[in-house]
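# Structural overview for review
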Amino acid sequence: MQEESVSFVRTAVLSVDLASGVLDLPVPSDYSQAQVLIRYLGTPICNSRLQATSGRIRGLDLWLVAWRENSSQLRDLVLRDILGVQENTDVSDRLPSATIVVCTRNRTFDLRRCLDSIVPQLSKDVKALVIDNNPADDSTENLVQAYPVRYYRENRPGLNWARARAARLATTEVLLYTDDDVVLDRDWSAQLRRPFADQHTAAVAGAVVPLEFEHPSQELYEEYGGFYRGYLTRSFNLMNTIAVGAGRAGAGASMGVRRSLALSMKLFDWELDCGTPSYSGGDFYAFYQLIREGYNIVYWPQALAWHRHRQAHSDLRNILYGYGVGVYTVLLRCLLEHGDFDAVLLAVNWFRQYHLRELCRALLRRPKARPLDLIWAEIRGVFHAPRAYQVVRSRERQMGPLPVAAGANA
Amino acid sequence: VIAISVVLPTHDRASLLAKHLLQLKEQSLPVEEFEVIVVADGCTDDTAAIISGLNVPYRLTVLQQNPGAGASAARNRGAALALGDVVLFLDDDMEPRRDLLQAHLAAHGKRAGGVVLGYYPMQPPQKGESVFTKVDRLWWAEKFSHLALSNHRFTFKDFCTGNVSVAKSAFNEAGGFDDAIGGAGAGEDYELGYRLIKNRVPFQYVPAAESVHHSTSSWDASLRRATEEGYGHAIIARKHPEVFHEFNIARLSRLSESMLLRPVWIALWKFPALAEPPATALLLVARILLAMDVQSLFWKLQGILRGHAYWKGVRVALRSLPNWERLAQDAPYKPENFHEVDLDVSRDLIALDDFIREHWPVEAIRVFVSGQAVGRIPPLAGVEALSAQHVRACLVERFGSALLGELVTRKSHFSSPAAVTPSKPVEHKKEVDDSACQSISGEPRFPR
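Throughout what follows, the structure given in this document is the object of discussion. (Residues numbered from 1 in each chain as written. Chains lettered and ligands numbered in written order. Predicted model: local features only at pLDDT ≥ 70, side-chain atom pairs only at ≥ 80, totals over all residues. Heavy atoms only, no water.)

In terms of helices and strands, chain A carries 11 helices and 14 strands. The C-alpha atoms of chain A give 21 Å as radius of gyration, which agrees with the globular expectation for 410 residues (22 Å, within 12%). Overall, chain A is about 60 × 60 × 45 Å in size when its C-alpha atoms are taken along their principal axes. Counting only residues that meet the buried cut, chain A has 59% of its 410 residues in that class. Long-range pairs, those at least 24 residues apart, make up 72% of the contacts in chain A between residues at least 6 apart in sequence. Just so you have it, chain A exposes about 17,100 Å², and 52% of that area is on carbon and sulfur atoms. Positive and negative side-chain charges of chain A, numbering 47 and 45 respectively, have mean locations separated by a distance of 4 Å. (Helix = DSSP H or I, 4+ residues; strand = E, 2+ residues; numbered from the N terminus. Rg over C-alpha atoms; globule rule 2.2 N^0.38 Å. Buried < 20%, exposed > 50% of the residue type's maximum accessible area, 1.4 Å probe, protein only. Contact = heavy atoms within 4.5 Å. Areas by Shrake-Rupley, 256 points an atom, 1.4 Å probe, with all protein chains shown as cover. Lys, Arg positive; Asp, Glu negative; His and termini not counted. Charge placed at Lys NZ, Arg CZ, Asp CG, Glu CD.)

In this section: unusual backbone geometry. The linkage connecting W360(B) with the following residue, P361(B), adopts the cis geometry, with an omega of -5 degrees. Examined against the element boundaries, P361(B) turns out to sit in the loop between helix 16 (352-359) and strand 10 (364-369). Of note, Y279(A) is a non-glycine position whose phi angle comes to about 65 degrees, a positive value. Tracing the backbone through its elements, the reader meets Y279(A) in the loop between helix 7 (259-264) and helix 8 (282-292). Accessibility expressed as a relative area gives 40% for Y279(A), which makes it partly exposed. Positive phi, close to 55 degrees, is recorded for R365(A), a residue that is not glycine. Looking at the secondary structure, you find R365(A) in the loop between helix 10 (342-363) and helix 11 (372-399). Judged by its relative accessible area of 74%, R365(A) falls in the exposed class.

Attention shifts here to the pairing of strand 1 (residues 4-10) of chain B. Residue and element names in this part refer to chain B. Counting buried positions along strand 1 gives seven out of seven residues, so the element sits mostly inside the fold. Residues I4, V6, L8 and T10 point to one face of strand 1 and S5, V7 and P9 to the other, with burial holding for every one of them. Across seven bridges, strand 1 lies against strand 2 (residues 34-41) in parallel orientation. Paired with L8 across the bridge in strand 2 is V38. Crossover handedness for the path strand 1 to helix 1 (residues 14-23) to strand 2: right-handed. (Pairing = 2+ DSSP bridges. Right-handed = clockwise from strand over helix to strand, strands pointing away.)

See the structure below:
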């Protein structure tokens, strides 16, 4: 596969709030087009690609695009704003205390940017905690020292173990998990805490949008592996979904969980996700357990996280392979440990309707078919899942539960 | 002086009841200000003995009722003896929070003569509970979060007897619960709620009036409940035809209208036993699916089986297909009497609160924009009168395009980029809002 295509055009990523009026949006001079996240009073309406003319995008065009893509939401937001219609009562006095948790491993370049976006959000009620997961050197520790955040080194490898450790170390009511390759929106923590004002909310997932389009794989990632889940608030629970459908609720790059549940239900105490043989699926399994036990998960798109997609094509291939392994490992777990036969139906349906279908489309060279190597990587992942599950289970048995923290190192 | 009387019907749950009666001792409201009236509804366990053995500091009355009279009769008898001006209907599986009575009374103090709906979430999830209990809990949670919305419009279906207080005067004026439903059917609370709303009794939802609802549910219970609902809804629809369409009983018409299914439908009403063999077979399959935890398929079958159970209840109440058809044909789509007003958005929106107060009670609105009719907020049976907040939300939801058109043609910020001050976007936003509001009001800036 070619790493860099000649015809690739870089795209600037911009954000605009229409509530500030009909303003032209300047586009940085070395870009000819922009991916614009259009919002109204902070609520995302659409994320559209627009061409720049003489270094700017006309304000009227922004309104027209928003109208074309999502007229109903734009209309409602504008009218509600003007007429002062507020659905929800003010909850600012009922927001829970929170810890922003970043799990990282040897990525100080990304982490620095992430921490820079976290620091302005810290307050009396919002703390931050960096879990350095089985690092190869102390670069992360050195970096974090310059920031007002707590640092902890978790030597047991695996993103989920790092999350589980964070749940034990934090003292706040909720945990707001994010990844190190993410830049948080200004209001991220405030927005992600909001749905917790309702005591029936067990977890909240935010929207994850692309941070940059500098490489072709980043376009591919957004198209195939992306996190797009629309911009309508909705809740996920047993009344509207089966438990194995929990993956639709959101992603680990932007999710909040009640700490009491993370501890009592052992949401993250499993050998899953990055750094383990399952590569991914820790967030999926946590959401699965919550829905199955009858809890409510809210998708809250006003909480935005900007995710930097992988730049190299080989990375993208590895990630999709990891998705294949992770998702089907979790499904196997649902079947074998929870006796949930819906996992079988879902696995068969997905494989037939998604993986096989895309494989056929790619082989037949249908329009907009995905690159064959990416599909193949994902399918290989699916077939590796049983083996991965076996390894994961035996390692869990060997390692036992997460040991108690060896002294709190601030 | 007794200000609030707690009426607590119970049926064979002596130990649970005793626990909750003891918990009522801990109320923040002084014990002299409330009383508890327990109505033992055909109890066959040792309820009476256990209660009489309790030592409680508040006034406690125990009434006995013969089996079969039902919860409606029990509540009516309790309410008849109540000394307080406010009657709180509490279920025996409620664990009252400390401020429950205080919060109910305070809300009545703010708005006398009305209904106060309390908050009663189910107990937190437990290991090993059935999926039906989980779904019930989610259903209640969703119901309460709807009630808590600031533009919620109360309907008769918000009146549920678990934890609700009514001013005694309003209760007596409405005539209490209907004894005909309480015995074999469910929904007697909806029925009373309907008459209260019709009498224009104001409703409030007070989350601080909290009790924990200890309830578990099973599949058999949910099917039995469906039959009771079918029975209850049929009786309510016969009594108040205008709410027919508010219940699932109206949706049975889908069977009636299909050419293919109509003969089956007729046969089933004549010989309900015909439905039993297939229903039993489905039940068996569903049981296997439930045991194997194939929930995606189970819920589909459960829908059919619940529908069947519901219909059985309807059939017991109505007896024959012609009776149901008469009900369906005669059911009006709107209430008989309602107060309708004309609202011109261009003129009345700016002073909407005054407009609504002036014309109270507004139950339906013909909506105009600059003299042009654009539509109607229709009258609804069993729903409280519109407040300004309801009207605004309704206008956004149903007439959004017309409203937005009005804004655009009245030269608001869409077509006046000259007014834009790019350096201070936040301040500008404020400006946009004001100009937009003024342009809706019309007259001052853009005389017609």
